[in-house]
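# Structural overview for review
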Amino acid sequence: QVQLVESGGGLVQPGGSLRLSCAASGFTFSNYAMRWYRQAPGKERELVAAISYGGGRSNYVDSVKGRFTISRDNAKNTVYLQMNSLKSEDTAVYYCYASVLGKDYWGQGTQVTVSS
């Protein structure tokens, strides 16, 4: 079955960096685009970044452009989110997402807290 497992979250000071990972299994990873979402307390889940199946195209929500980078390693079935210059407003649970054969799959989420 499809599984998405995130890791790499934690507590970081403003201006710091974190790299999130999402290990995928149960489907042909290299055939599917991947996304990262986040949900802050009291807010709706929002799309943060997306990457094409081959990794050649990516896009970002305006609030993270220039600070976050999404990438993937199809040999490792893993998608990453490199987050630099973190701000308090980046605090949220971050989720990995894939739509496989018309079904939505989510990871369990990883907490990112940006605080001094």
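Figured I'd write up the structure that's included with this text. Remember, predicted model here, so these are calculated numbers, not experimental data.

The next thing to look at is the nonpolar core. Membership of the largest hydrophobic core comes to 30 residues, with the highest contact counts inside it found for Phe-27, Met-34, Trp-36, Val-79, Leu-81, Met-83 and Tyr-94. Put simply, the parts of the chain that give this core at least two residues each are strand E3 (18-25), strand E4 (34-39), strand E5 (46-51), strand E7 (68-73), strand E8 (78-83), strand E9 (92-100) and strand E11 (110-114).

Within the structure shown, the criterion is met by six aromatic pairs. Judged by centre distance (5.7 Å) and plane angle (75 degrees), the rings of Phe-27 and Tyr-32 are edge-to-face. For the pair shown, Phe-27 and Tyr-32 are each scored as buried. Residues Tyr-37 and Tyr-97 carry aromatic rings whose centres are separated by 5.5 Å and whose planes lie at 70 degrees to one another, so their mutual orientation is edge-to-face. One end of the pair, Tyr-37, is in strand E4; the other, Tyr-97, is in strand E9, with 60 residues separating them in the sequence. Its relative accessible area of 12% is what places Tyr-37 among the buried residues. Through successive ring pairs, a cluster of aromatic residues spans Tyr-37, Tyr-95, Tyr-97 and Trp-106. Against the face of Tyr-95 rests Arg-45, its NZ or CZ located 3.8 Å from the ring centre. A cation sits over an aromatic face here: Arg-72 above Phe-29, 4.3 Å from the ring centre.

The subject of this paragraph is the pattern of salt bridges. Scanning the model with the defined rule gives four salt bridges in all. Among the ionic pairs, Lys-65 bridges to Asp-62, the shortest N-O distance being 2.9 Å. On the accessibility criterion, Lys-65 (48% relative accessible area) is partly exposed. The network of salt bridges with shared partners includes Arg-38, Glu-46, Arg-67 and Asp-90.

With antiparallel pairing, four strands are arranged side by side in an open sheet as E1-E3-E8-E7. Either end of the sheet is taken by a strand with one partner, and the two such strands are strand E1 (3-7) and E7. Strand-to-strand, the axes of this sheet are offset by a mean angle of 15 degrees, without reference to chain direction. Where E3 lies against E8, six bridges are found, and the strand directions are antiparallel. Across the sheet, Ser-21 pairs through a bridge with Tyr-80, a residue of E8.

This part is about the pairing of E7. By the alternation rule, side chains of E7 split into Phe-68, Ile-70 and Arg-72, which are all buried, and Thr-69, Ser-71 and Asp-73, of which none is buried. In this sheet, E8 lies alongside E7 in antiparallel orientation, the contact comprising six bridges. The residue of E8 that forms the bridge with Phe-68 is Met-83. The loop that links E7 with its antiparallel partner E8 comprises four residues; one of these, Asn-77, has a positive phi angle of about 55 degrees.

What counts as what
Residues numbered from 1 in each chain as written. Predicted model: local features only at pLDDT ≥ 70, side-chain atom pairs only at ≥ 80, totals over all residues. Heavy atoms only, no water. Core = buried A, V, L, I, M, F, W, Y, C linked by side-chain atoms within 4.5 Å. Buried < 20%, exposed > 50% of the residue type's maximum accessible area, 1.4 Å probe, protein only. Helix = DSSP H or I, 4+ residues; strand = E, 2+ residues; numbered from the N terminus. Phe/Tyr/Trp six-rings, centres within 6.5 Å; stacked < 30°, edge-to-face > 60°. Lys NZ or Arg CZ within 6 Å of the ring centre and 35° of its normal. Salt bridge = Lys/Arg side-chain N within 4 Å of Asp/Glu carboxyl O. Pairing = 2+ DSSP bridges. Axes fitted to C-alpha atoms, helices over the stretch in contact; angles between N-to-C directions.

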